[in-house]
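Residue-level listing of the chains:
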Amino acid sequence: MIIMRLAHRIGSLGTESAFLVSQAARDWAARGNRVFPFHLGDINLPTPANIVAAQQQAIAQGRTGYTAPAGIPELRAALADDVGSRRGLRYGPENVAVQPGGKPVITKFIQALINPGDEVLYPVPGFPIYESQIDYFGAVGVPYRFVESASGFVIDLDDLTARITPRTRALIFNNQQNPLAAESSPSELARLAELALRHDLWVLSDEAYFETRYSGDSHSLVSLPGMQERSIILYTFSKKYAMTGWRLGAAIAPVKIAEIVAQLNVNDESCTSQFTQWAGVEALRGDPSGALVIRQELRRRRDALYDAVVAMPTFRAARPEAAFYLYVNVSDAMRNRGFSDVDAFASAALKATGVAFCTRKHFGRVLPGEPDHYARFAYSGIGVDDIREGMSRLAAWISD
Ligand code: PLP
């Protein structure tokens, strides 16, 4: 028998445990049960036809070879224009390093800028890959928390400030947040910028959902004075254009950092698939109506889900205006059904009703003194009728 001798660092590598919920949901469906998929942040809507056609045309034209590691000039220019104009910032192609998805920006930010032992502030609950990659590269993750308010979640800024030390090197920030769908007020953004400047922090601004919103405007931390030169924006085509499986995104960064990220590309994937990059040019420069159709459908789902949740006396949530998640306080519902563990509650809900969802435990380590229990309901992969049916089954089970 071969004895597996793995690198020590593999012991620090985390994962997206939400995929375990998918497995449980698949197993339950394979046994002939109906499943209502609120668990995964994937999108069950088609990529707009003009983007698909552009990719097929690029293949037909033989655009199938390697590209420059930072991407084709046309896509870098289109991204610089689009990202810059939506944030009131000036970027050029030299600020853009195209990526196979938004997620690689997280690992490349840490690889480029963080040394072992450096402290990195990151949101909890938050996208679990931040914590995984901080740990993997031997840095020290310093989670910052949120407080539930009547209108959603706000960052506990006093707590965050108290966690900054001379070893703090970076802040990871995700406005239009996964899983909370939280957005920072102008004053919260101003305080974060002030902290980043005062403590000379690098900032990873994860803007995966910047354009997935149902009213109002998104604001970027990077637009505040002094922030552009210390910030890397995570951009992705995944959510806005329903392109999760295409794997297309970008790091938008100061020139020197963009160059380092491109050097990491050379060492890793070489480049992002060329014909996919041409599809990205069409997404940014071509007919934008497909993205609007996606957003309108997500809005209908948001309304259906929110209406169902607020009608349940034991569920509590604020109406999100961005992203495609509803983060629900389920403490009372758990009490009603006699659960003290939120994952046990989720498993029982799946078996009793077919409703699959993630819980607080899938979004970073649980901190001491968290008073309540939460579940995340994603509405990107489930239509309005199933949202209503699933939530009505869940409501009946909880009030049973
Ligand atoms: N950042 C956040 C907050 C996300 O929720 C996701 C995907 O779920 C990503 C980044 C990465 O998305 P992708 O790699 O598909 O661009």
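Right above here is the structure, for reference.
Everything in this summary refers to the structure shown in the same document. This one's a predicted model, so the numbers in the text were calculated from it and none came from an experiment. (Residues numbered from 1 in each chain as written. Predicted model: local features only at pLDDT ≥ 70, side-chain atom pairs only at ≥ 80, totals over all residues. Heavy atoms only, no water.)

### Observations concerning the packing of aromatic side chains
Then comes step 1: Taken as a whole, this structure holds 18 aromatic pairs when the rule is applied.
Then comes step 2: Between Tyr136 and Phe137, the aromatic rings sit 5.0 Å apart at their centres with planes inclined by 80°, giving edge-to-face as the arrangement.
Then comes step 3: When the centroid spacing of 5.3 Å and the interplanar angle of 90° are considered together, the rings of Tyr209 and Phe324 count as edge-to-face. One end of the pair, Tyr209, is in the loop between strand S8 (202-206) and strand S9 (231-236); the other, Phe324, is in the loop between helix H10 (289-310) and strand S11 (325-329), with 115 residues separating them in the sequence.
Then comes step 4: Among the residues examined, Tyr209 registers a relative accessible area of 4% and is labelled buried.
Then comes step 5: With relative accessibility at 0%, the residue Phe324 sits in the buried group.
Then comes step 6: Put simply, the rings of Phe38, Phe315, Phe339, Phe345, Phe357, Phe377 and Trp397 pair up and form one aromatic cluster.
Then comes step 7: The ring of Trp278 carries the charged tip of Arg63 above its face, separated from the ring centre by 3.8 Å.
Then comes step 8: Over the ring of Phe210 we find Arg87, and its NZ or CZ is 3.7 Å from the ring centre. (Phe/Tyr/Trp six-rings, centres within 6.5 Å; stacked < 30°, edge-to-face > 60°. Helix = DSSP H or I, 4+ residues; strand = E, 2+ residues; numbered from the N terminus. Buried < 20%, exposed > 50% of the residue type's maximum accessible area, 1.4 Å probe, protein only. Lys NZ or Arg CZ within 6 Å of the ring centre and 35° of its normal.)

### A closer look at the packing of helix H12 (residues 342-353) against helix H13 (residues 384-399)
Then comes step 1: Contact geometry for H12 and H13: axes closest at 10 Å, N-to-C directions at 115°. Considered as vectors, H12 and H13 are oriented roughly perpendicular to each other. Handedness of the H12/H13 crossing: right-handed. On the side of H12, the interface is formed by Phe345, Ala348, Ala349, Ala352 and Thr353, while H13 contributes Arg393, Leu394, Trp397 and Ile398.
Then comes step 2: Residues of the contact of H12 with H13, tallied by class, amount to seven nonpolar, one polar and one charged. (Axes fitted to C-alpha atoms, helices over the stretch in contact; angles between N-to-C directions. Parallel < 35°, antiparallel > 145°, perpendicular 65-115°, else oblique. Left-handed = near helix turned anticlockwise from the far one by under 90°. Contact = heavy atoms within 4.5 Å. Nonpolar A, V, L, I, M, F, W, Y, C, P; charged D, E, K, R; others polar.)

### Some thoughts on unusual backbone geometry
Across residues other than glycine, the phi torsion is negative in most instances, and most of the peptide bonds are trans.
Then comes step 1: Here the residue pair Val124 and Pro125 is connected by a cis peptide bond, since its omega of 0° sits within 30 degrees of zero.
Then comes step 2: For the bond from Asn178 to Pro179, the omega torsion is 15°, close enough to zero to count as cis.
Then comes step 3: Following the sequence through the fold, Pro179 ends up in the loop between strand S7 (168-173) and helix H7 (186-198).
Then comes step 4: One non-glycine residue, Asp200, lies in the positive phi region at around 55°.

### Looking at the pairing of strand S5 (residues 146-149)
Then comes step 1: One ladder, built from four bridges, connects S5 with strand S6 (residues 152-155); its direction is antiparallel. If you follow Ser149 over to S6, its bridge partner there is Gly152.
Then comes step 2: In this structure, the hairpin formed by S5 and S6 is closed by a connection of two residues. (Pairing = 2+ DSSP bridges.)

### Observations concerning the pattern of salt bridges
Then comes step 1: Inspection of the entire model under this criterion finds 27 salt bridges.
Then comes step 2: The shortest N-O distance in the salt bridge between Arg230 and Asp200 comes to 3.1 Å. You can see Arg230 sitting in the loop between S8 and S9 and its partner Asp200 sitting in the loop between H7 and S8, a full 30 residues away along the chain.
Then comes step 3: The salt bridge involving Glu321 is made with Arg302; its shortest N-O contact spans 3.2 Å. With Glu321 in the loop between H10 and S11 and Arg302 in helix H10, the pair connects residues that are 19 residues apart, well separated along the chain. (Salt bridge = Lys/Arg side-chain N within 4 Å of Asp/Glu carboxyl O.)

Function cannot be inferred from these measures alone, as they are strictly geometric.
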